[in-house]
Every structure is written in C-alpha cells, then in structure tokens.
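An overview of the molecular structure
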Amino acid sequence: MGVVSIDMNRRDAPAPRRALILCGGGARGAMEAGFYQAITDLGISFDLVVGSSVGALNGACIAAGMPSCELADLWRRIRRSDVLAWNWRALWRGGGPMTLDPLRRLLRKTLPVFRFEELKIPLVVATTDLQLGMPVHWHDTGDVVEPVIASMSLPGIFPPVVIAGRQLVDGAVANNVPFAPALERGVHEMLLILCTCCPAANRRLRSPLRILLRSFLISLDTKYSCELDHLRRQGMAILMVEPRLDRDVGLLDFSHADVLIRSAHDQTIAAFAKPGIAARAAA
C-alpha cells in the first residue's frame, strides 16, 4: 500500500524555487546548524523549509528568523537536561519512559514567534500518524511548537503527541528526509545535509536500546537512498553534503555539538566550492 501524505491547513501560494530539507538524526542535528551557517556564508538562499524530527526543530528556528550564529550557539549550549527528562507518570501509564517537556519549554522561551503564519519563511513539519500509518504535514497556520515536539517524539522513548485528535510520533518513522512536501510544492532545487549517515560500526552492539536505534538508522538510510536515486533519475537538482565523521555520535548524546557544527560547516564549504556548484547555488 502506498504512503499518503495528509496536509493540514494548506493555502494556495506561489511555488517555491528552492527548499532547505532538514532530516532527523537526534543530537546529530547540530550538523544542520553548521550547514545553515555555511550556506549563509556562501550567500545561498531558499524560500521553503521542510523539517522532520530534529530537522523540524532546526527548521522552526530558521523559519522564525533565527540567525545562523544564534542557532549554532543554541546547539553549543544545549544539554540533555534541556531536551528531555524522565517521564515517571508514563512509566506507570505507558507511552514512553521519557518526556520532551524541557524542550517544549525551551522552544517557548527561545523561538521569536510561535505560529506558522508569523514565520519569515514558510515551514512544513513532518509527523507520523500512528493510527492511520501515514505522514501528516503541518504548515501555514496554527501553533508551531506542538508539531515540532510531535515530530521529535521517537516511539518507545517519548509518548505520542495528540494534535487535533491525531496521535502523532516522530516524523522520521514515515519520512526521515522529507522530500515529498517540497515536491508537492513544485520546488526546482533542494539543499540538504544528511544527519543519519550510518557508517560501519567498529564494535559489537550489546545494549538492546543501541541495537534498536542502530537498526532504525539503517532502515532510514536505506529508504533515503532509494528516494534520492529516484529523484536524481527524475532530474531533480539536489545540492547535498554527506558528512564524514571521525566519531560515532549517539542520537541522545549532545556533548559533541561544537565538533559537529564545525565539521558540517567546513565540509559544506568544501563541497559547494567545487567549480560551478557555488555559483549555481548562489544564483
């Protein structure tokens, strides 16, 4: 059965030319802050932001007008306690042993605006509907924070978020690299950095949680590769960076943000500085 995307509150608008696609990857989302800094330094613009999972968090900050240096500073300051906490009530009632309430409070304190219609750049947030088993995209009007929290709610760890009667979980479950909303809006080019790149592990995994999370990443990588190949065969212009990391960063390990930001920035500058790419991207 094919996957059907349900768009909420869609308005007719001119087709965007270039989309910034922000994927999931947990704490590796710091790389998207470095990527954003690099394309800002290169003068590369975009007129649509599409985010899934931690990409929805970064996307909300970017679309709300947060400068690239401020987003990078936010990632450098952030600690696990700023994002998640034990969900003691849920341990008894079910739903997930941890909560994203600290992140919810941080967003309410940090974002310049909280509603889609107030954003400086149009934003689409990808979530997954548990009951319908399909992606649901949020945009145009309404609150931004709750869809972002839903998009980051990794099932089994965080409880689903209920919005408009829908029980929603991590956008990565249905669409970790959310190409579809950009395609539906007729974009001509896409910009992205891959945060869930899953290099070969150098040691055996023994923890059930680590085994589960790595298996999840392998699944996401496989689906993304198929979609990317299809888009390229169709002639879609995609400017992307697949960063090489010298360390294995866990999805909930926020201690490597500075290294990830600098690495992503430098690798993006190097990739886009190749003959013809920077000129085309900045056009």
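Residues numbered from 1 in each chain as written. Predicted model: local features only at pLDDT ≥ 70, side-chain atom pairs only at ≥ 80, totals over all residues. Heavy atoms only, no water.

What follows concerns the environment of S81. One can find S81 in helix α4 (residues 80–83). Spatially, the C-alpha atom of S81 lies 8.7 Å from that of L103, the residues being 22 residues apart in sequence. (Helix = DSSP H or I, 4+ residues; strand = E, 2+ residues; numbered from the N terminus.)

Let us now look at the pattern of salt bridges. Taken as a whole and assessed by the stated rule, the structure comprises 11 salt bridges. Across the pair R18 and E189 runs a salt bridge, and its minimum N-O distance is 2.8 Å. Taken together, the positions of R18 in strand β2 (residues 18–22) and E189 in strand β10 (residues 189–193) put the pair 171 residues apart, joining distant regions of the chain. Residue R18 is classed as buried on the basis of its relative accessible area, which comes to 1%. Judged by relative accessible area, which is 10%, E189 ranks as buried. With a shortest N-O distance of 2.4 Å, R104 and D101 are connected by a salt bridge. One end of the pair is R104 and the other is D101, both in helix α6 (residues 101–110) and 3 residues apart, which spans about a single turn. D101 sits in the partly exposed class, given a relative accessible area of 32%. Each of D73, R76, D258 and R262 takes part in a single network of salt bridges with overlapping partners. (Salt bridge = Lys/Arg side-chain N within 4 Å of Asp/Glu carboxyl O. Buried < 20%, exposed > 50% of the residue type's maximum accessible area, 1.4 Å probe, protein only.)

Before going further, it helps to spend a moment on unusual backbone geometry. Phi at D140 takes a positive value of approximately 75°, unusual for a residue other than glycine. Within the secondary structure, D140 is located in the loop between β7 (134–139) and α7 (145–151).

Quick look at the side chain of D129 now. Residue position: D129 is located in strand β6 (residues 123–129). Only 2.9 Å separates the side chain of D129 from the backbone nitrogen of L132, close enough to count as a polar contact. Here the side chain of D129 touches R166 through a polar contact of 3.0 Å, side chain to side chain. Ignoring any residue separated from it by four or fewer positions in sequence, one finds D129 in contact with M134, V136, R166, Q167 and L168. (Polar contact = N/O pair within 3.5 Å; in protein donor to acceptor, adjacent residues only side chain to side chain. Contact = heavy atoms within 4.5 Å.)

It is worth spelling out the pairing of β6 at this point. Most of β6 is tucked away: 7 of the 7 residues are buried. What you see with β6 is no split at all: L123, V125, T127 and D129 on one side and V124, A126 and T128 on the other are buried throughout. The pairing of strand β3 (residues 48–52) with β6 spans 4 bridges and is parallel. For V49, the partnering residue across the bridge sits in β6 and is L123. Relative to β7, β6 is paired through 6 bridges, and the arrangement is antiparallel. Paired with V125 across the strands is W138, a residue of β7. Linkage of β6 to β7, two consecutive antiparallel strands, is achieved through a turn of 4 residues, within which G133 is found at a positive phi near 65°. Here β6 pairs with strand β9 (residues 166–169) via 2 bridges, running antiparallel. From the neighbouring strand, T128 faces β9, where its bridge partner is V169. (Pairing = 2+ DSSP bridges.)

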